[in-house]
Amino acid sequence: CTVIFTRLATRDLHKPISILFCNLAVSDLFTSFSGFWISMLFITNPDITIFGSRDMLAPYALYTTSILSTIYNLVSIGIERYLAVAESIRTRFRVARNHSIAVVFINWVLAFFLGCLPLMGWNCLHAERNISVLYSPFCVNYLIFIAIPNVVVAFIVPLFTYLRIIIILRKRKLRMKACGQATGTYKSAEIQVARTSISIWLLALVSYAPFFAGVIFDATNQRCHTDLYPGVYIFRNCTAMLITINCLGNPILYTLRLRTLGAKLKALRCLSANRVRACTI
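Residues numbered from 1 in each chain as written. Predicted model: local features only at pLDDT ≥ 70, side-chain atom pairs only at ≥ 80, totals over all residues. Heavy atoms only, no water.

**Brief notes about the overall build of the protein**
- Of regular secondary structure, the protein possesses 10 helices and zero strands.
- Helices and strands in the protein line up, N terminus first, as α-α-α-α-α-α-α-α-α-α.
- With 281 residues in all, the protein has 43% of them scored as buried.
- In the protein, once contacts between residues fewer than 6 apart in sequence are set aside, the share between residues at least 24 apart is 75%.
- If you sum the accessible surface of the protein, you get close to 16,200 Å²; carbon and sulfur atoms cover 68% of it. (Helix = DSSP H or I, 4+ residues; strand = E, 2+ residues; numbered from the N terminus. Buried < 20%, exposed > 50% of the residue type's maximum accessible area, 1.4 Å probe, protein only. Contact = heavy atoms within 4.5 Å. Areas by Shrake-Rupley, 256 points an atom, 1.4 Å probe, with all protein chains shown as cover.)

Shown next as structure tokens:
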């Protein structure tokens, strides 16, 4: 919410990357809200979160939609950063505000369509054969259909984009160095991008790899719910907590940078002090 209000209150929202940042915060907010909804259902009636019920379809669908939207936004941010860096080298294409709005719309449409497939009939309320043990009444084949391609996209596309950004910055630095010009700006940008990309990778790995492992276990498991209680469901709850941690880590990595925030607060303080001094004079 802090990220959303900050972006709406400042003039940076006209930038394409700011629109993607704000939309990422909206996706994280939906993930936290749907996770809270599932937690309340567990508190009021724990059996339906273990054995499955029609009441779990809507919160699980919203949870899946928000996670997919977060993944698509992270991929979109990586692609936008790559196009911004590679603009003056290979392509004349420039990302505009309308492009970011269109990407946000497409991301949400795709996330809602894939996330709401169980509400449209792809569920196992009346089919015990293919039912998921961890996320009843979802079907195992639906979880595999959702998890495998999106996890691949979430890891491969950011890897390509951020590695390409680092390579482009390094080439520019070497070209500037060969011409005898200063390369401090490109060196610092390369270090910053490398640190950010490594942080993104570690956060995504820690957050989504256990969920992916749970889906694989769900697909290969043949035992019933009572045989796996309570250890497997504790693991499922831990994966949900890790996804929530990812929602908390995204604003820190992408928007709430402490040094930039401190510099802005210092500038505002100096500006207010100068105004007071001017009024006194």
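Back to the text.
**Topic: the nonpolar core**
- With 33 residues, the main nonpolar core has Y135, F138 and Y142 as its most contacted residues.
- Taken together, the elements giving at least two residues each to this core come down to α2 (16-44), α4 (57-85), α5 (97-115), α6 (140-178), α7 (184-220) and α9 (231-254).
- Apart from the residues within four sequence positions on either side, Y142 is in contact with T64, L114, G115, L117, P118 and W122.
- Formed by 19 residues, the second largest nonpolar core is a distinct cluster that contains F21, L24, Y162 and Y254. (Core = buried A, V, L, I, M, F, W, Y, C linked by side-chain atoms within 4.5 Å.)

**Details of the UniProt feature "transmembrane region" (unreviewed entry) in the protein**
- In this numbering, the UniProt entry assigns the feature "transmembrane region" (unreviewed entry) to residues 17-40, 60-79, 100-122, 142-167, 198-217 and 233-256.
- Secondary structure across residues 60-79 divides into 100% helix and 0% strand, with the first and last C-alpha atoms of the span separated by 29 Å.
- Between the end C-alpha atoms of residues 100-122 there is a gap of 31 Å, over a span that is 70% helix and 0% strand. (UniProt positions renumbered as here; feature names shortened; annotations may be inferred.)

**Observations concerning the side chain of S132**
- For S132, the location among the structural elements is in the loop between α5 and α6.
- The class of S132 is buried, set by a relative accessible area of 0%.
- There is a polar contact of 3.4 Å between the side chain of S132 and the backbone nitrogen of L134. (Polar contact = N/O pair within 3.5 Å; in protein donor to acceptor, adjacent residues only side chain to side chain.)

**A closer look at the environment of L110**
- As for its position among the elements, L110 is in helix α5.
- Since its relative accessible area comes to 38%, L110 is described here as partly exposed.
- In sequence terms L110 and S69 are 41 residues apart; their C-alpha atoms lie 8.1 Å from each other.

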